[in-house]
Amino acid sequence: MNGIALRRAVKPKKVTSRILRNEAKWGFLFLSPWIIGFLAFYFLPMLASFGFSLLNFNPAVPDEATFIGFQNWQRALSVDKEVFLSFMRTMRFAAISLPIGLGFALLLSIILNSKNVIGKTLYRTLFYMPSMIPVVATVLIWNGVLNEQTGWINVLIQSVTGIQAVGTEGLRWLADPKLVYYAYTMFGLWGVGNAMIIFLAGLQGVPTEMYEAAEIDGASWLQRLFSITFPMITPVIFYQLVLGVIGVLQYFLAPFVLNQGTGAPEGMTRFYMVYFYKQSFTFFNMGYGATLAWLMFIFALIVTILLFGSAKYWVYYASEER
Amino acid sequence: MSEKMKKVRKPLPRRVRNRITAILVTSLTLGILILFLIPMVYGMVTALKTDGQFSKVGAPWWPATEEQFEYEGKSYDIYKVPVDGEIKNLALVVKGRQQSQFIDPDNAEEGLIVWEGAWRSLERSWEFDPQWNNFSKAWNTINFPRLLGNTVKYAGITTFGAVLSSALVAYGFARFRIPNKKVLFMLMLSTVILPGAVTLIPTYFVFLRIGWVGTWLPLIVPAFFSWGTNVFLIRQFIMSIPRDLDEAAMIDGANPLRIFFSIILPQSVPALTAVSLFHFFWAWNDFFGPLIYLAGNPEKYPITVGLTAFNRLYSQSTNLIQASALITAVIPLIIFFFAQRVFMQGVVITGVEK
């Protein structure tokens with residue numbers, strides 16, 4: 001940056017403006033794939049999507065599309081209860097899966113950052129490994145291992161604790177509305193790798209002098225964890241939380257693979273994205289689907305803004321302190 | 001006496017204490033790892049079972065079949081029979097209510113052994129019998145060569161397009177003074193977290209109107225117009241390349257396009273490798289796009305959608321489903337083991353610096 005500023009100051013004005021114009025021309029040329037893509041696949045479709053939300057529209061009979069004003073919006077917000085219900089399901093699932101998922105990633109990264117673990121690299125590889133498995137395969141493998149009759153999870157729980165876990169009277173992970181979110185959360189743990197690595201990098205970025213100073217002052221391991229480690233990596237936690245919330249809003253694959261979007265058990269897994277898919281691509285109510293998509297966008301925006309707003313109360317940025 | 005002992009006893013030396021903590025923490029980690037990977041072992045073991053083993057009472061957890069013994073041209077079931085206080089594996093030849101006749105497979109010349117008791121109370125004897133051909137059965141039933149071919153083609157083409165176009169855009173963002181560059185860059189980053197649904201319906205409709213739905217085009221073409229995360233990653237890398245070389249080339253009269261291909265690209269190889277790997281696996285994993293755009297066109301399915309369809313049709317064949325899930329998992333895992341260093345460094349760059 002300094003070099004550029006310096007050059008700018010030294011060069012005569014006219015030449016600078018010509019050079020700048022030439023440079024901008026080349027710059028835009030290089031940006032052009034993104035600019036075209038942004039307009040064609042993001043900006044215009046977003047606007048058009050809003051336009052579609054004002055129509056009663058089925059792509060099979062595009063000529064019969066009729067303008068109905070805000071009727072779709074009214075339907076989504078006050079008539080169709082399923083919109084709110086599916087949204088609340090998504091939020092309940094988020095409230096379970098995000099803390100567990102991020103907590104697990106954090107736990108692993110703390111373990112792998114500890115000087116007390118022998119064979120860290122191997123552990124890191126093995127904990128990361130399942131993240132590479134295509135999620136469809138992950139879901140199918142877990143679907144088997146959580147099977148109430150033959151799955152190993154129940155067999156293991158029963159043989160360790162003695163609780164009746166196997167069979168229809170036992171833990172029906174995927175059929176019991178009270179358990180199904182925990183089951184889905186467990187599949188998610190196999191994708192812990194990225195978050196784990198990112199947390200690990202965050203932990204390695206914490207200056208060691210801080211720990212040394214705390215140790216001299218007699219701080220225990222737990223005190224160091226809560227007063228140094230956690231505050232110092234709040235930026236990373238924050239970033240993961242934003243990504244996690246946006247991701248869970250679009251949670252679709254597992255319920256679709258396991259029950260084709262029927263919502264089994266008892267509609268519990270008919271999440272917002274599943275409902276959006278059903279309306280748009282099963283019933284082809286694309287006007288209504290566009291409305292649902294816009295609502296999701298508005299909601300994602302609100303959540304992101306709230307999260308960023310909350311950041312100043314709990315996220316620590318070293319640069320601000322300087 | 002004991003008072004004195006206490007005073008004399010020294011605390012364990014630091015090195016020993018550290019060693020003990022290390023062993024404890026390592027075994028805790030190992031415990032978590034075992035629980036974490038148990039489903040994979042389950043998948044492997046289950047994939048090797050016969051169809052019948054799931055419903056049989058008393059079947060072991062490992063892949064096994066009920067043992068049988070050929071005797072005088074006929075095969076007889078082998079049971080675990082308590083004889084003289086020890087359990088022997090004997091083949092049941094003549095069934096009776098109060099007493100039955102068995103033969104010892106290890107010692108058939110000895111002839112029939114009479115055993116007092118109800119044979120129905122006996123347990124079958126199982127022998128380890130992995131059904132390796134479940135994998136080839138799954139391979140053929142699901143038509144893996146076609147699914148894999150589609151997936152490799154899709155992932156390969158989109159990776160090439162997304163990485164090349166992203167590198168161009170990244171170069172633009174990294175090296176040129178452009179009006180409102182900051183705004184444009186923020187706009188580009190925001191597309192990364194934009195929920196895809198909000199642009200989906202009009203895009204789908206346009207692709208439907210131009211006849212692209214049912215083909216790979218809606219999935220491939222957008223990749224050639226750059227990809228937010230990739231641009232970000234490559235830009236970070238290009239910014240760290242010293243400008244001396246491109247400035248020297250510029251003085252020699254090379255135009256920016258030439259500089260891009262002959263100076264920037266060769267120096268960005270580490271970043272390009274990481275981004276290519278990411279994109280490749282992203283595409284390998286992609287589900288929603290192919291599900292929507294290839295609906296009802298099974299010859300074009302990638303592995304993810306094909307596997308889902310297979311699961312729906314064969315939901316009763318737990319062994320085949322586990323086998324196919326494992327086949328799907330194995331290729332990414334192999335690549336991962338060879339390229340893990342590149343991979344994890346890439347994760348760190350995208351995750352921490354954003």
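Residues numbered from 1 in each chain as written. Chains lettered and ligands numbered in written order. Predicted model: local features only at pLDDT ≥ 70, side-chain atom pairs only at ≥ 80, totals over all residues.

Looking at chain B, the domain boundaries give domain 1 (12-46), domain 2 (68-124) and domain 3 (142-353). Computed over C-alpha atoms, the centres of domain 1 of chain B and domain 3 of chain B are 36 Å apart. (Domains from an automatic or database assignment.)

Another point: the interface of chain B and chain A. Contacts between the two partners involve 72 residues from chain B and, on the opposite side, 71 residues from chain A. Here the side of chain B that touches chain A takes 15 residues from helix H14 (residues 318-353) of chain B, the largest share from any one element. Per-class residue counts for the side of chain B that touches chain A are 48 nonpolar, 21 polar and three charged. (Contact = placed C-beta atoms within 7 Å. Helix = DSSP H or I, 4+ residues; strand = E, 2+ residues; numbered from the N terminus. Nonpolar A, V, L, I, M, F, W, Y, C, P; charged D, E, K, R; others polar.)

What follows is about unusual backbone geometry. Omega for the bond connecting Ala-264 of chain A with Pro-265 of chain A falls within 30 degrees of zero, at -5 degrees, which places this linkage in the cis form. Structurally, Pro-265 of chain A can be placed in the loop between helix H12 (253-259) and helix H13 (272-282). With phi around 60 degrees, Asn-180 of chain B is a residue other than glycine that occupies positive phi space. In this structure, Asn-180 of chain B sits in the loop between helix H4 (144-175) and helix H5 (181-193). Its 9 C-beta neighbours within 10 Å are what place Asn-180 of chain B among the exposed residues. Despite not being glycine, Ser-226 of chain B has its phi angle at roughly 70 degrees, a positive value. As for its position among the elements, Ser-226 of chain B is in the loop between helix H7 (217-220) and helix H8 (228-239). Taking the number of C-beta atoms within 10 Å as the measure of exposure, Ser-226 of chain B has 30 and is therefore buried. (Buried ≥ 20, exposed ≤ 12 C-beta atoms within 10 Å, placed from the backbone.)

Take the environment of Ile-141 of chain A next. Here Ile-141 of chain A is to be found in helix H6 (residues 135-145). Counting along the chain gives 46 residues from Ile-141 of chain A to Phe-187 of chain A, while the straight-line C-alpha distance between them is 9.0 Å. Setting aside anything within four residues of it in sequence, one finds Ile-141 of chain A in contact with Pro-39, Met-40, Gly-43, Gln-322 and Ala-325 of chain B.

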